[in-house]
Amino acid sequence: MRKLIAGMKISVDGKIEVPERGADWVEAWSEDYGLTPQIDACLLGGGMYTGYEQYWTGIQNDPDKPAWITGNAPTRAELEWARFIEQTPHYVLSNTLTSALWPKTSFVRGLEEIAALKQQPGKDIYLIGGARTTASLIDAGLVDELRLIVYPLIAGDGKALFATTEHRHRLELRKVQQLEDGRASLIYGITNGA
Ligand SMILES: NC(=O)c1ccc[n+]([C@@H]2O[C@H](COP(=O)([O-])OP(=O)(O)OC[C@H]3O[C@@H](n4cnc5c(N)ncnc54)[C@H](OP(=O)(O)O)[C@@H]3O)[C@@H](O)[C@H]2O)c1
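Note that the coordinates shown come from a computational prediction; the quantities given were computed from them, not determined experimentally. (Residues numbered from 1 in each chain as written. Predicted model: local features only at pLDDT ≥ 70, side-chain atom pairs only at ≥ 80, totals over all residues. Heavy atoms only, no water.)

### Digging into helix α1 (residues 46-61)
Between its first and last C-alpha atoms α1 spans 23 Å; for 16 residues at 1.5 Å apiece the expected length is 22 Å, and the two agree. Contacts from the buried residues of α1 go to β3 (39-45), α2 (76-86), β4 (90-93), β5 (105-108) and β6 (124-129). (Helix = DSSP H or I, 4+ residues; strand = E, 2+ residues; numbered from the N terminus. Expected span 1.5 Å × (residues − 1). Contact = heavy atoms within 4.5 Å.)

### Let's talk about the layout of surface pockets
Roughly 830 Å³ of volume is contained in the largest pocket. Taken together, 31 residues make up the lining of the largest pocket; nearest its centre are Ile-16, Glu-17, Met-48, Ile-128 and Gly-130. Contributions of two or more residues to the lining of the largest pocket are made by β1 (4-11), β2 (15-17), α1, β6 and α4 (131-139). If one sorts the elements of the lining of the largest pocket by residue count, α1 sits on top with 7 residues. When grouped by side-chain class, the residues that make up the lining of the largest pocket number 16 nonpolar, 10 polar and 5 charged. (1 Å grid on protein atoms, 1.4 Å probe; cavity = no way out; pocket = protein on both sides within 12 Å on 5 of 7 lines; lining within 4 Å. Points joined across faces, edges and corners; volume = space filled by probe spheres on them. Nonpolar A, V, L, I, M, F, W, Y, C, P; charged D, E, K, R; others polar.)

### Description of the packing of α1 against α2
One way to put it is that α1 packs onto α2 with a least axis distance of 9 Å and a crossing angle of 110°. Classified by the interaxial angle, the pair formed by α1 and α2 is roughly perpendicular. Together, Tyr-52, Tyr-55, Trp-56, Ile-59 and Gln-60 of α1 and Glu-78, Leu-79, Trp-81, Ala-82, Ile-85 and Glu-86 of α2 make up the contact between the two elements. Among the residues forming the contact of α1 with α2, the class breakdown is 8 nonpolar, 1 polar and 2 charged. (Axes fitted to C-alpha atoms, helices over the stretch in contact; angles between N-to-C directions. Parallel < 35°, antiparallel > 145°, perpendicular 65-115°, else oblique.)

### Quick word on the sheet that holds strand β9 (residues 171-178)
In spatial order, the strands read β5-β4-β3-β6-β1-β7-β10-β9; together these 8 strands make up an open sheet with mixed pairing. A strand with exactly one partner marks an edge of an open sheet, and here the two such strands are β5 and β9. Along the sheet, successive strands turn relative to each other by an average axial angle of 25°, direction set aside. Two strands pair when backbone bridges link them, and β1 and β6 are joined in this way by 3 bridges, in the parallel orientation. Residue pairing for β6: Ile-5 is matched across the bridge by Tyr-126. Each of β3, β4, β5 and β6 is contacted by α1, which is oriented at about 115° to β3, the strand it contacts most. (Pairing = 2+ DSSP bridges.)

Listed below in structure tokens is the structure:
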């Protein structure tokens, strides 16, 4: 069965964004979890899809211009991801969205459809976010692995990645790596035992 693997960039206190400033400690939104070679589909929540589409369409159309959100010129890894996702099916979990700019985007209306997607033949699926979708799919036992990049920052008041998680989940630490700029990469298996 294909694995569903979540990747999230968080502060040390587990925040993904703060009021007014968003996640201004994240300098680039590239896929930095080492997932690209092993995936052939992406899944994301309706709450983040519109902004995601806008961010990456901007980089695809104007690769030399500063990217929206970061205000920085796209990094090499962002340019690679922008190219990769042009070819890659995206599935959006939403009961309200009905249209997307990208031809390879389709909508899933419930968790059963995600379970069915995992049963289809193919490579693994990258769960891009956002927070509520990640928490909900972990609670539903659908996420096999969690990859975190932890930034060296206590963000304070803000949106927590696991704010809406309802159940306890044991994790199995699989890999720890020190990255540039004081960041840490953590890979956990989710065993779904409490
Ligand atoms: N730090 C990071 O690495 C990272 C990565 C990705 C995103 N983010 C941030 O995450 C934020 C978006 O997260 P979010 O929590 O607001 O929204 P989200 O998880 O992207 O989307 C939530 C939406 O998904 C749909 N949905 C349908 N069934 C669901 C279910 N069972 N569980 C959860 N959602 C379901 C609903 O949309 P409908 O109402 O349309 O049905 C719901 O409003 C953005 O601010 C983005 O910047 C951060």
